[in-house]
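Examination of the molecular architecture
Residues per chain, in single letters:
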Amino acid sequence: MQNQQNHIRLPNMAQVFACLAIFLALAFSFTSVLDLPIQLALFIAWFIIMGLGIKLGHDYKSLEQAAVDGVAKGMGAILILVSVGALVGTWIAGGIVPSIIYFGLKVIHPSIFLLATLIICSLTSLATGTSWGSAATAGIAMMGIGHSLGVPAPLVAGAVLSGVYFGDKLSPLSDSVVLASTMSNVDVVEHIKGMLPISLLSYVITAVLFTVVGMQYSGNVSLEQVNLVMEALDNQFNITPLAIVPVVLVLGLLANRKPAFPVISFGALLGLIWAIAFQDMDPVKAMHSAYSPFAISSGIDFIDNILGRGGMESMLGSVAVIIFGLGFGGLLEKVGILSVIASAFEKRINSVGSLTSHTIGTAFLANVFGSAMYVSLILTPKIMAKNYDRLGLARKNLSRNAEFGGTLTCGMVPWSDNGIFMAGVLGVATLDYLPYMWLSFTCIIVTVTLAYMGKGVNRVPLVAAASSR
C-alpha cells in the first residue's frame, strides 16, 4: 500500500484542461444539441475521471470510494429534495397553493408585482434560512400569480431567486451561512456583518430594476384573464383562508431551527389532511399526490401546467443528477484536479482585487464541476484560505466571497443541485431564468469592483498579525 501511495501523481495542467473540457462538451452537447439527459453526461464523466485517476496511480477501489463519499455528503440535500416533492404535491391537492394564488391575484397590483415577489421571497427565506423551502412555497405561488398577470415566467423566476438567495445568505438559520463561516474559521455573526453592506446595496439596486421593469406590465393586464383564472381555481378547489395555516406552521418551525427534512415532511402531511378535510378528496387519492404529480383538467393550460406538478416522483430525475454530480465532485477532489487548479490560481494572485475575483471564480467553478453548493462552500475556503493570510486580509473577506461565489451562483448551473431543483419547482429552465438573477450579478459585480478599488475590505489588525508570527 505504501509503495502504491508513492507512485500516485498529481495531474498536469494539460490533463486537467482535457478532462474538464470533455465534461463541459458532454454537458453542453447532451442538453443543448442531442436532447439527452444531463444524467448521462455526468455518468460518463465518472469514467473519464476514473480513467485519469488510474493513469495517475490510484486503484479503482479508492476511486469508487471517493465517489461514494462524495454522494454521502449530499444525502441530506437528497432527503430534503424528496420531501419537498411530497410537500408540493399535497399542497396543490389540498388547495393550499391554489388558495395563495387566488388571494394573491386579489391584492397584488401588477405594477409592483416583481418588487413584491422579491420582498416576499426575501422575508420568507430570511425567516426560515432555506432557499429551497422558500422557492417551493412562496416561489410557486408567485409564479402562478405572475403568469395570470401576464409577466414572463423567466422574469418572475429571477425575482423569486433573487429574493430566496438574498434571505438565505443573510439568515443565521441558513446551513450555507453556517458552512461558509465554519470552513473559513469565522464567527457566524461576523460573517453576516461582513456580507451586509454589499448585500444591502445590491438589494436596493435589484429592487429598483425589478420595480422599473415591473411597471412595463401594469398596462398589459387583462382583468378578464385574471378573473378567468380566479374562476377556474374556484371551480377546481375549495378556496379558503385556512390554507395559510400549513404555511405558517412550516415556516414557523423552520424559523425556529427545526430540521428541514422532518419539518417539510410534516408540511406534506398537513397537505394530505387539507386535501381530505377541505377538498373532499379520497384519502388514497390524496396520499397518491405525495408521490405522483397532481392531475388537474381545468380547461386552462396555464393552471394545468402550474398545478399539475409535485410529488416525490417528479424529483427522481433531480435526485439522479445530484447523485452523479456529487460523485463527480468527489472524484475531482480525489484525483487532485482541484488541487492543481488551486495552485495555478495562487501564482496569479497579487492584489485584493485579483484575490476576490479568483475566490468568486473558484466558488463558481466548484458549482460547475462539483454540482452542489455544499461542495463549493467546502472547497473554496480550503483552496483560497492561505492567500488571504498571505495578503493580511481578515478571514471574513474569504467567507463573504465564498458565499457570494458559491451560494449566489449555485442556481446558475443546470446540472447542479440548486439548478435542477429551482428549474423543477419553478417550471422554468435554468438557462431561461439565468439572465434575470439580478441580485446575484449585482452582488458579484459590486464586490469585485470595490475590491479592485480597495474598498469594502477588512484587513487583519497589525497587532494580531504580529502576535500570530
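Note: the structure precedes this text.
Just so you know, these numbers come straight off a predicted model, no measurement behind them.

1. Focus: the overall build of the protein chain
Within the protein chain, the secondary structure is distributed over 25 helices and zero strands. Within the span of the protein chain, comprising 469 residues, buried residues form 57% of the whole. Long-range pairs, those at least 24 residues apart, make up 79% of the contacts in the protein chain between residues at least 6 apart in sequence. Working note: accessible area of the protein chain is about 19,100 Å², and carbon and sulfur atoms make up 66% of it.

2. Focus on the nonpolar core
Generally speaking, nonpolar side chains in soluble globular proteins are found buried as a group. Judged by nonpolar contacts, the single largest core of 144 residues is most densely connected at Phe-113, Leu-114, Ile-337, Trp-415, Phe-421 and Met-422. Apart from the residues within four sequence positions on either side, Trp-415 is in contact with Phe-23, Leu-24, Ala-27, Ile-38, Leu-42, Val-321, Val-368, Ser-371 and Ile-420.

3. Focus on the side chain of Asn-367
Summarising the element assignment, Asn-367 is placed in helix 19 (residues 352–370). Taking the relative accessible area as the measure of exposure, Asn-367 reaches 0% and is therefore buried. A distance of 2.9 Å separates a polar side-chain atom of Asn-367 from the backbone oxygen of Gly-406.

4. Focus on the packing of helix 9 (residues 153–170) against helix 22 (residues 417–426)
One way to put it is that helix 9 packs onto helix 22 with a least axis distance of 12 Å and a crossing angle of 130 degrees. As judged from the angle between their axes, helix 9 and helix 22 are oblique. In this structure, helix 9 meets helix 22 at a crossing whose hand is right-handed. Every residue of helix 22 that contacts helix 9 at Ala-157, Val-160, Leu-161, Val-164 and Tyr-165 is listed here: Asn-418, Met-422 and Leu-426.

5. Structural notes on the packing of aromatic side chains
As enumerated under the stated definition, the model contains eight aromatic pairs in all. By the ring-pair criterion, three or more aromatic residues cluster together here, those being Phe-43, Trp-46, Phe-47 and Phe-324.

6. Some details on the pattern of salt bridges
Proximity of charged atoms lets side chains of opposite charge pair with each other. Counting across every chain of the model gives four salt bridges. For Glu-64, the salt bridge identified is with Lys-61, shortest N-O distance 4.0 Å. You can see Glu-64 and its partner Lys-61 sitting in helix 4 (residues 60–73), three residues apart, about one turn around the helix. Take Lys-61: its relative accessible area is 58%, and that puts it in the exposed class. Measuring nitrogen to oxygen at the nearest pair gives 3.9 Å for the salt bridge that ties Lys-193 to Glu-190. Here the residue Lys-193 and the residue Glu-190 both occupy positions in helix 11 (residues 188–215), the gap between them amounting to three residues, near one helical turn. Judged by relative accessible area, Lys-193 falls into the exposed class, the value being 51%. Since its relative accessible area comes to 32%, Glu-190 is described here as partly exposed.

7. Topic: the environment of Ala-45
Relative to the assigned elements, Ala-45 resides in helix 3 (residues 38–55). Taking the C-alpha atoms as reference, Ala-45 lies 9.4 Å from Gly-325; in sequence the two are 280 residues apart.

8. Things to note about empty space enclosed by the protein
One pass over the full model with this rule turns up four cavities of 30 Å³ or more. Put simply, the second largest cavity is a space of about 70 Å³. In this structure, the second largest cavity is lined by Gly-70, Lys-73, Leu-326, Gly-329, Gly-330, Glu-333, Val-375, Ile-378 and Leu-379. Listed by contribution, the elements that provide at least two residues to the lining of the second largest cavity are helix 4, helix 17 (316–335) and helix 20 (373–390). Take the lining of the second largest cavity: its biggest share by element is four residues, from helix 17. In terms of residue class, the lining of the second largest cavity is built from four nonpolar, three polar and two charged.

9. Some details on unusual backbone geometry
Phi is positive for Asp-280, close to 50 degrees, though the residue is something other than glycine. Along the chain, the position of Asp-280 falls in the loop between helix 14 (260–278) and helix 15 (283–288). The exposure class of Asp-280 is exposed, given its relative accessible area of 70%.

10. A few points about helix 8 (residues 131–148)
Along its 18 residues, helix 8 runs 24 Å from first to last C-alpha, staying within 8% of the 26 Å computed at 1.5 Å per residue. The buried count for helix 8 comes to 17 of 18 residues, which makes it a mostly enclosed element. Phi turns positive one or two residues past the end of helix 8, at Gly-150, with a value near 80 degrees.

11. Let's talk about the environment of Leu-209
Note on placement: Leu-209 falls in helix 11. Judged by relative accessible area, which is 38%, Leu-209 ranks as partly exposed. Separated by 230 residues in the primary sequence, Leu-209 and Leu-439 place their C-alpha atoms 9.8 Å from one another.

What counts and how
- Residues numbered from 1 in each chain as written.
- Predicted model: local features only at pLDDT ≥ 70, side-chain atom pairs only at ≥ 80, totals over all residues.
- Heavy atoms only, no water.
- Helix = DSSP H or I, 4+ residues; strand = E, 2+ residues; numbered from the N terminus.
- Buried < 20%, exposed > 50% of the residue type's maximum accessible area, 1.4 Å probe, protein only.
- Contact = heavy atoms within 4.5 Å.
- Areas by Shrake-Rupley, 256 points an atom, 1.4 Å probe, with all protein chains shown as cover.
- Core = buried A, V, L, I, M, F, W, Y, C linked by side-chain atoms within 4.5 Å.
- Polar contact = N/O pair within 3.5 Å; in protein donor to acceptor, adjacent residues only side chain to side chain.
- Axes fitted to C-alpha atoms, helices over the stretch in contact; angles between N-to-C directions.
- Parallel < 35°, antiparallel > 145°, perpendicular 65-115°, else oblique.
- Left-handed = near helix turned anticlockwise from the far one by under 90°.
- Phe/Tyr/Trp six-rings, centres within 6.5 Å; stacked < 30°, edge-to-face > 60°.
- Salt bridge = Lys/Arg side-chain N within 4 Å of Asp/Glu carboxyl O.
- 1 Å grid on protein atoms, 1.4 Å probe; cavity = no way out; pocket = protein on both sides within 12 Å on 5 of 7 lines; lining within 4 Å.
- Points joined across faces, edges and corners; volume = space filled by probe spheres on them.
- Nonpolar A, V, L, I, M, F, W, Y, C, P; charged D, E, K, R; others polar.
- Expected span 1.5 Å × (residues − 1).

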